[in-house]
Structure formats: structure tokens, C-alpha cells
Amino acid sequence: IAATDYMAAVNETVNESGTIAFGFQHLVSFLRMQFKMPNAGTFTKLMLMTSGNFVTDATLNLTDGSVSPLVSSSIQTLNLKNVSIADGEILDVYMTILPVDLTGKILTAKIFDDQGNCYTATLTGKKYMAGKFANVGRTCSEHRTALGGYQYARQCCHNQQDRLDEEGLNRHHESRWDNGL
């Protein structure tokens, strides 16, 4: 995570002893999503879609530290490489996003495997703040739907607990599950 924890400092004035104090601030939020998959597989992509918008491009003002959104999208995509799990194991995925308030919005995670299967989970949006982790856990159950002869949809989702860790990045993060995982 440290490799993607982007931070910036606002320029300060030089004090009487000739030093400058920089106050660094976090610029991104982290999502940890854990999906209990019904089948073994090699997973290639996670698409996170929302009825709101993710900020996908922004400008940082180094004078005052403000971040101004420039581009937004209803989809964030994470390409996965060499991610395989055994039957019934948990797919543990981390995603870095720019801070955004998606409180009350529905988020849908679509997870694709290398066989063309799609697994979905529904999440409840929150206010994703810079320097904070959001931990989400879902259990996937299999539902096959034929779409032009192509096995497409696998639906997930029990009402598990989402948790935003207000303590920030310096604490051990543990997901909470209400189905005994």
C-alpha cells in the first residue's frame, strides 16, 4: 500500500532559523474488498460501478493543498494479473481511489475470471476520505444466466457489514463478516 499512498505538502514560509516545515497530507483513499468466491479461478479484472461518480482525475493546488476534481466516471477498473484462488477462498483486492462522497449510493463490483465468467456483488457507498481505509466483505453465490449462449452472470450478496476505519492508515485493518468467516 505504501507505494500508492500519495501525499503532498503545502509550501510553507521559511522561519527565522532558516528551515521550512512541511505538513504532508494524504491524497487518496483505499478500498479493501474481500469476496468469498464460490469457485476456484484465475481472476483478471474488477470493475467497480456506482450510481454516483468516482473522481478519476484531479488537480492539486500546492499553494493551499486543495484538490479540485477534473474528470469523473461511474466506473473504476482494476486489472488483475496472476490472481488465483482455490475453491471457497477469499479474493482479497485493494483499490486506490481519489476521495469522494458516495454516501447512500449503490456500488456494484463485477469480478471477471479468465474463463469469461462474471461474479457480482452489491456494496453500499460511503464517504471515502483521504488517508483512510474502507473494508468491505461479501460472499458470492452462483447463479448462472445464459446470455446468447454465453455463461455470463453470477450474482453475489448477502448483507454483510461495510466498515470505514476512521482511525486512518496507522492501525491494523480487519474486515468484519456476519456470516461466520
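This structure is a prediction, so every number in the text was calculated from the model and none was measured. Along each chain, numbering runs from 1 in the same order as the chain's sequence is written. Only residues with pLDDT of at least 70 are given local features in this predicted model, and only at 80 or more are side-chain atom pairs given and counted; all residues enter the totals for whole chains, interfaces and linings. The side-chain numbers reported here are obtained from all heavy atoms of the structure, hydrogens and water having been left aside.

(A) Focus on the overall build of the chain. The helix and strand inventory of the chain stands at zero helices and 15 strands. In this scheme, a residue with accessible area under 20% of its type's maximum is buried, one over 50% is exposed, and one in between is partly exposed, where area comes from a 1.4 Å probe on protein chains only. Sorting the 181 residues of the chain into buried and exposed places 38% on the buried side. Exposure was quantified through the Shrake-Rupley algorithm and a 1.4 Å probe, taking into account, for residues, occlusion by the shown protein chains and nothing else. Per element, the accessible surface of the chain, about 10,000 Å² overall, is 49% carbon and sulfur. Helical segments are the DSSP runs of H or I of at least four residues, strand segments are the runs of E of at least two, and each set is numbered from the N terminus.

(B) Highlighting the packing of aromatic side chains. Any two of the Phe, Tyr and Trp rings considered here, Trp counted by its six-membered ring, make a pair once their centres fall within 6.5 Å; the pair's planes then place it as stacked at under 30 degrees, edge-to-face at over 60, or tilted in between. A complete count under the given rule lists three aromatic pairs for this structure. Ring geometry for Y94 against F133: centres 6.2 Å apart, planes inclined by 85 degrees, an arrangement best described as edge-to-face. Placement of Y94 in strand β6 (residues 90-97) and of F133 in strand β11 (residues 133-139) is noted, with a sequence separation of 39 residues between them. By relative accessible area, which is 36% here, Y94 ends up partly exposed. Overall, the relative accessible area of 6% leaves F133 in the buried class. Among the aromatic residues, ring-to-ring pairing joins F30, Y94 and F133 into one connected group.

(C) View of the environment of I90. In this fold, I90 is placed in strand β6. In this structure the C-alpha to C-alpha distance between I90 and P38, which are 52 residues apart in sequence, comes to 9.2 Å.

(D) Representation of unusual backbone geometry. Its identity is not glycine, yet N82 carries a phi of approximately 55 degrees, on the positive side. With respect to the helices, strands and loops of the structure, N82 is situated in strand β5 (residues 67-85). Overall, the relative accessible area of 78% leaves N82 in the exposed class.

(E) How the structure looks around a nonpolar patch on the surface. Nonpolar side chains collect at one region of the surface, where M7, V14, I20, F22 and F24 lie side by side and expose about 500 Å² of accessible area between them. Among the secondary structure elements, I20 is positioned in the loop between β1 (7-9) and β2 (24-26). According to the relative accessible area criterion, I20 is partly exposed, its value standing at 40%. For patch building, the residue pool is restricted to those with more than 30% relative accessible area and no salt bridge; the joining distance is 9 Å between like charges and 5 Å between nonpolar side chains (Val, Leu, Ile, Met, Phe, Trp, Tyr). Salt bridge, as used here, is a side-chain nitrogen of Lys or Arg placed within 4 Å of a carboxyl oxygen of Asp or Glu.

(F) Structural detail: the nonpolar core. Within the largest apolar cluster, 26 residues are counted, with the highest numbers of intra-cluster contacts made by M33, F35 and L48. When contributions to this core are tallied by element, the ones reaching two or more residues are β3 (29-36), β4 (41-60), β5, β6, β8 (106-113), β9 (118-124) and β11. Each nonpolar core is a collection of buried residues, namely Ala, Val, Leu, Ile, Met, Phe, Trp, Tyr and Cys, held together in the definition by side-chain atoms within 4.5 Å.

(G) Structural context of the environment of V93. Along the chain, the position of V93 falls in strand β6. The class for V93 is buried, based on a relative accessible area of 4%. Measuring from C-alpha to C-alpha, the distance between V93 and L78 comes to 9.2 Å, with 15 residues separating the pair along the chain. What V93 contacts, discounting residues up to four positions off in sequence, is L31, R32, M33, L46, L78 and L80. Here a residue-residue contact requires only that any non-hydrogen atoms of the pair lie within 4.5 Å.

(H) Focus on the confidence of the model for the chain. One number per residue, pLDDT, summarises how confident the predictor is, and it ranges from 0 to 100. Scored by pLDDT, the chain comes out at a mean of 75, with 75% of its residues at no less than 70. Looking across the chain, the model is least confident in strand β15 (residues 163-165), with a mean pLDDT of 31, and most confident in strand β10 (residues 127-128), with 94. Every residue in residues 143-181 is under pLDDT 50, and counting partners more than four places away or in other chains gives 105 contacts.

(I) The arrangement of the environment of T103 in detail. Note that T103 resides in the loop between β7 (100-101) and β8. Its relative accessible area of 53% is what places T103 among the exposed residues. Separated by 21 residues in sequence, T103 and T124 have C-alpha atoms that sit 7.6 Å apart.

(J) Local environment of the pairing of β6. The two faces of β6 differ: L91, V93, M95 and I97 on one face are buried, but I90, D92, Y94 and T96 on the other face are not. A pair of strands is labelled paired if DSSP reports no fewer than 2 bridges between them. In this sheet, β6 lies alongside β3 in antiparallel orientation, the contact comprising eight bridges. Following the sheet pairing, L31 is matched in β6 by M95.

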